[in-house]
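Spelled out, the chains give:
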Amino acid sequence: MTRPRPGPAGRPDLRMVVLGVAAWCGGLLALLSPGWVAPALAAAALAGIGTAARRGRPTGLALACLLVGSAVACCALVRAEANSTGPVARLAEQGAVVRLEARVTSDPVTRVGRYDDFVVVRLTVSRVEGRGRSFSTRAPVVVLADETWAGLELGSVVTARGRLETPDDRGVAGVLSGSPGPVVIDAPAGPFGAAEAVRAGIREAVSGAGPEARALVPALVVGDDRQMSPEVVADFRTCGLTHLAAVSGTNLTLVVGFLLLVARGVGARGRALTVVGIMGVAGFVLLARPEPSVVRAAAMGSVALVSLGSRGRTRGARALGVATVSLLLVDPWLVLSAGFALSVLATAGILFVAPSFRDRLRRWLPRWAAEAVAIPLAAQVACTPVVAALSGEVSLVAVAANIAVAPAVAPATVLGLVAGLVVLVAPPLGLLLGLGAGACGGWIVLVATQLARLPVPSVDWSSGVVPIALLTACCAAGAWCAGWVLARGRRTAVATLALALVVLRPLPAPGWPPDGWVLVACDVGQGDGLVLNAGGGRALVVDAGPEPEAIDGCLRRLGVDEVPVVVLSHFHADHVDGLAGVLEGRRAGEILTTPLRDPSYGAAAVDAHAAPHGVRIRSPELGEVGRVGAVTWRVLGPPESPPDPGAEGSAANNASIVLLVEVAGVRVLLPGDVEPEAQAVLRRVVPGLTVDVLKVPHHGSRYQDTEWLLGLDARVALVSVGQDNGYGHPSPELLAALARDGALVRRTDLAGDVAVLVDGGGGLRVRAAD
């Protein structure tokens, strides 16, 4: 290939970008297609290139694309083969109990499980013993374990015992579970120890700031988001600010850019600045932990730094292609990483789309203002389809949020880093700098929380192939038309006003809520969230789902502004984690909960959400009768002594509050997640119970007393369940049995919000929002 040159009229040379796309395609082909497809296509393409070369046709770029794509594909296939055929993989196929020695290669991450929290951590195994043999190896393993693994530090060498199982991910050789806990035989030292001291210093320096700012600053500087509350994380996601709370190219650009400014200030020039930049990147990776996501962010941040220099657009395009190819050769599994895709797309948007936006805006705005608008707008347009595919929503406030927080991001990041270093040698000065970082972090949190509370900060968007393709086409068309809009201040003002009206005064959904509605099963994903119409904007809410945004959106669509009573059937995350979405911005009376505070973290979360609103929490008595407006209910469970859940059951599920509700003459049974043992108690205690509407227990799990459910003679069966959940909910056999018994079955994963209503003649009808 000839040396890359800028294109005509200053256009960047895109050949390295094309090679990056070829590398991505090669990785996808190797990891997603059958094993024989990639070699066969590579051989066919090579033959075609050879034929073209013999005929004298230009083949330089095509040959380079083939070579790069084949190289990434080969790396992926070789590593996948090594993972699947080594000693660890063979022991995993046998389900062997092993003892292994390994190095920790990721920070432990706590996940919320069905019944309890669990910890996920990655190891690189150097020695494994099992089935009476010992092997030296180098194989990646994922550990699923309890909280005894939560305190491990990156770089530690540990020994552990457990059972190896075959993984679903071809990027690892096995999954270790059932481990009683690791034994650390070599703690991280040297650079790792120094990096941990600085991270601890950052946390100490901002200890005097507010709680949310105190949690955000370490995330801004080094991606340490462990202290951020779920509510703030959700607000950041709604506002398109998640890149600030994770290790991203933005973090590195700010930190290394600050170092380069300091170096220039003390006289460094030329190669000295290059050395400072390289050392800054290396130090950032060490400080933020050398995990794949950090290395990815460092690469994209380096591209951004290159693009800041002279001929930045051309050099940035080359750097983007080189970084993409290099990262995929080192770790081909990045082609399946949504984070990597977002990093590349955001960088590409800033390089190739933002300059056009900026130039149009400069016709009526100063340069600094034009760039402040153009950069987040271009990044948002480029990333929107992928974000929608991941989150199921499109943010309407992301650009405004990024513009509003931009003045505070750099000071918070730089002051946070400097404070973390200074506090180690001069604590008072470090704490003072930390207050400045905390103040900037507080502004960022304030922007996110306030914009996320607007009536329509985002719109739901299906993650199916056709909707995402349509959204991609809309983004491309919008980027094409944006130049015409941005070129004139009046047009931009009209477009901005129209968007503001949509965000602040949402258009009502046609015919929603339907007249005569008595009950709505909200589409809250994999969880429960039910609303019973008490009249006058009031409602009885039973369970809050797993996310605040989903239940809040459902209540907004129904026009509910007062919730006299909230019933939380039990404390699993899929029933209580959305509680903030019920309470925020509404008048609330009291919360009724089961007396069994299991799991304890769920109960503690409910306490924490209720306290700021002054909402009383209590457990109702068995047989208690309540009334709110048109809604009356009787408590049928849990019994004073919940039954033994058995080998497959859950004590928390069987301790669910069970309500028999009547509204507008419609009898509704809301049994939470009760399982067969508790269902048997209900059958015995309330014989001959019949209802009009049944909320199917436990999201339609197969684990049911089907005879009892069918004996309720429900005319409508509602299943609150999330799309593509990992539990196999709902059970096809259960749904078929209910339908055969005459029940009209409706699922929230297929229909969205589902309303039960009484028509003018007193008949029972069901209507879906979608």
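Up top you'll find the structure we're talking about.
Criteria and cut-off values
Residues numbered from 1 in each chain as written. Predicted model: local features only at pLDDT ≥ 70, side-chain atom pairs only at ≥ 80, totals over all residues. Heavy atoms only, no water. Helix = DSSP H or I, 4+ residues; strand = E, 2+ residues; numbered from the N terminus. Rg over C-alpha atoms; globule rule 2.2 N^0.38 Å. Contact = heavy atoms within 4.5 Å. Areas by Shrake-Rupley, 256 points an atom, 1.4 Å probe, with all protein chains shown as cover. Lys, Arg positive; Asp, Glu negative; His and termini not counted. Charge placed at Lys NZ, Arg CZ, Asp CG, Glu CD. Pairing = 2+ DSSP bridges. Axes fitted to C-alpha atoms, helices over the stretch in contact; angles between N-to-C directions. Disulfide = S-S within 2.5 Å. Patch = residues over 30% accessible without salt bridge, like charges linked within 9 Å, V, L, I, M, F, W, Y side chains within 5 Å. Salt bridge = Lys/Arg side-chain N within 4 Å of Asp/Glu carboxyl O. Buried < 20%, exposed > 50% of the residue type's maximum accessible area, 1.4 Å probe, protein only. Core = buried A, V, L, I, M, F, W, Y, C linked by side-chain atoms within 4.5 Å. Phe/Tyr/Trp six-rings, centres within 6.5 Å; stacked < 30°, edge-to-face > 60°. Lys NZ or Arg CZ within 6 Å of the ring centre and 35° of its normal. Left-handed = near helix turned anticlockwise from the far one by under 90°. Nonpolar A, V, L, I, M, F, W, Y, C, P; charged D, E, K, R; others polar.

A word on the overall build of the protein
A tally of helices and strands in the protein yields 26 helices and 24 strands. Rg of the C-alpha trace for the protein: 29 Å, near the compact-globule value of 27 Å for 770 residues, within the 12% margin. Dimensions of the protein, computed from the C-alpha atoms along their principal axes, are close to 85 × 75 × 70 Å. Considering only intrachain contacts with a sequence separation of at least 6, the fraction spanning at least 24 residues in the protein is 68%. Here the protein displays about 34,400 Å² of accessible surface, and carbon together with sulfur accounts for 60% of that area. Positive and negative charge centroids in the protein, built from 66 and 63 side chains respectively, lie 15 Å apart.

A closer look at the sheet that holds strand 11 (residues 530-535)
Hydrogen bonding along the main chain pairs the strands of a sheet, whether they run parallel or antiparallel. Taken together, 8 strands build an open sheet; the order of strands is 15-14-13-12-11-10-23-24 and the sheet is mixed. Both outer strands of the open sheet, strand 15 (616-618) and strand 24 (764-768), are each paired with one neighbouring strand and no more. Strand-to-strand twist across the sheet, computed as the mean angle between neighbouring axes with direction ignored, equals 20°. Pairing between strand 14 (residues 587-593) and strand 15: 3 bridges, direction parallel. Directly across from Glu-590, in strand 15, lies its bridge partner Arg-616.

Quick look at the state of the cysteines
Going through the model one piece at a time under the given rule, you end up with 1 disulfide. Between Cys-522 and Cys-554 runs a disulfide, and the two sulfur atoms are separated by 2.0 Å. Residues Cys-522 and Cys-554 share a disulfide whose torsion about the S-S bond is about -70°; that sign makes it left-handed. You can see Cys-522 sitting in the loop between strand 10 (517-521) and strand 11 and its partner Cys-554 sitting in helix 18 (residues 548-558), a full 32 residues away along the chain.

Thoughts on a nonpolar patch on the surface
There is a patch of nonpolar side chains on the surface, built from Leu-14, Val-18 and Leu-61 and spanning about 210 Å² of accessible area. Relative to the elements of secondary structure, Leu-14 occurs in the segment before helix 1 (15-32). Leu-14 sits in the partly exposed class, given a relative accessible area of 43%.

Section: the nonpolar core
Ranked by size, the top nonpolar core spans 31 residues in total, and within it Leu-19, Trp-24, Met-300, Leu-320, Leu-328 and Phe-340 carry the most contacts. Breaking this core down by element, the ones donating at least two residues are helix 1, helix 3 (60-85), helix 10 (292-307), helix 11 (312-330) and helix 12 (338-361). The residues contacting Met-300, other than those within four sequence positions of it, are Leu-320, Ala-323, Thr-324, Leu-327, Phe-340, Ser-343, Val-344 and Thr-347. Core analysis: the next-biggest nonpolar cluster, separate from the first, contains 29 residues, Ala-544, Cys-554, Leu-583 and Leu-757 among them.

Looking at the sheet that holds strand 17 (residues 631-637)
If you trace the 7 strands from one edge of the open sheet to the other, you get 16-17-18-19-20-21-22, paired in mixed fashion. A strand with exactly one partner marks an edge of an open sheet, and here the two such strands are strand 16 (625-628) and strand 22 (744-747). Each strand of the sheet is rotated relative to its neighbour by a mean of 20°, with strand direction disregarded. Strands strand 21 (716-719) and strand 22 of the sheet are contacted by helix 25 (residues 732-740), whose axis makes an angle of about 145° with strand 22.

Quick word on the side chain of Ser-156
Residue placement: Ser-156 occurs in the loop between strand 4 (133-145) and strand 5 (157-165). Classification of Ser-156 by relative accessible area gives buried; the value is 3%. Residues contacting Ser-156, with those up to four places away along its chain left out, are Ala-102, Arg-103, Val-104, Val-184, Asp-186, Ala-187 and Pro-188.

Thoughts on unusual backbone geometry
Going from Asp-598 to Pro-599, the amide bond is cis rather than trans, its omega being 0°. Mapped onto the secondary structure, Pro-599 falls in the loop between strand 14 and helix 21 (600-610). Going from Gly-637 to Pro-638, the amide bond is cis rather than trans, its omega being 10°. The phi torsion at Arg-131 lies on the positive side, around 55°, for a residue other than glycine. Looking at where Arg-131 falls in the secondary structure, it is placed in the loop between strand 3 (117-130) and strand 4. Using a relative accessible area of 51% as the deciding quantity, one classes Arg-131 as exposed. Here His-698, not a glycine, exhibits a phi torsion of approximately 50°, which is positive. On the secondary structure map, His-698 appears in the loop between strand 20 (693-695) and helix 24 (706-711).

Quick notes on the pattern of salt bridges
With the rule as written, the count across this model stands at 22 salt bridges. Residues Asp-552 and Arg-556 are paired through a salt bridge, measuring 3.0 Å at the closest nitrogen-oxygen approach. Separated by 4 residues within a single helix, Asp-552 and Arg-556 lie in helix 18, roughly one turn from each other. With its nearest N and O atoms 3.0 Å apart, the salt bridge here joins Arg-683 to Asp-705.

Points about the packing of aromatic side chains
Enumeration over the complete set of coordinates arrives at 1 aromatic pair. Between the NZ or CZ atom of Arg-90 and the centre of the ring of Phe-135, over which it lies, the distance is 5.9 Å. The ring of Phe-571 has Arg-597 lying over it, and the distance from NZ or CZ to the ring centre is 6.0 Å.

Quick word on the packing of helix 5 (residues 191-205) against helix 6 (residues 211-222)
Interaxial distance between helix 5 and helix 6 falls to 8 Å at its minimum, and their mutual angle equals 145°. Crossing geometry of helix 5 relative to helix 6 is assigned as right-handed. Between helix 5 and helix 6, the residues in contact are Arg-199, Ile-202 and Arg-203 and Val-217, Pro-218, Val-221 and Val-222, respectively. Its residues assigned to classes, the contact of helix 5 with helix 6 comprises 5 nonpolar, no polar and 2 charged.

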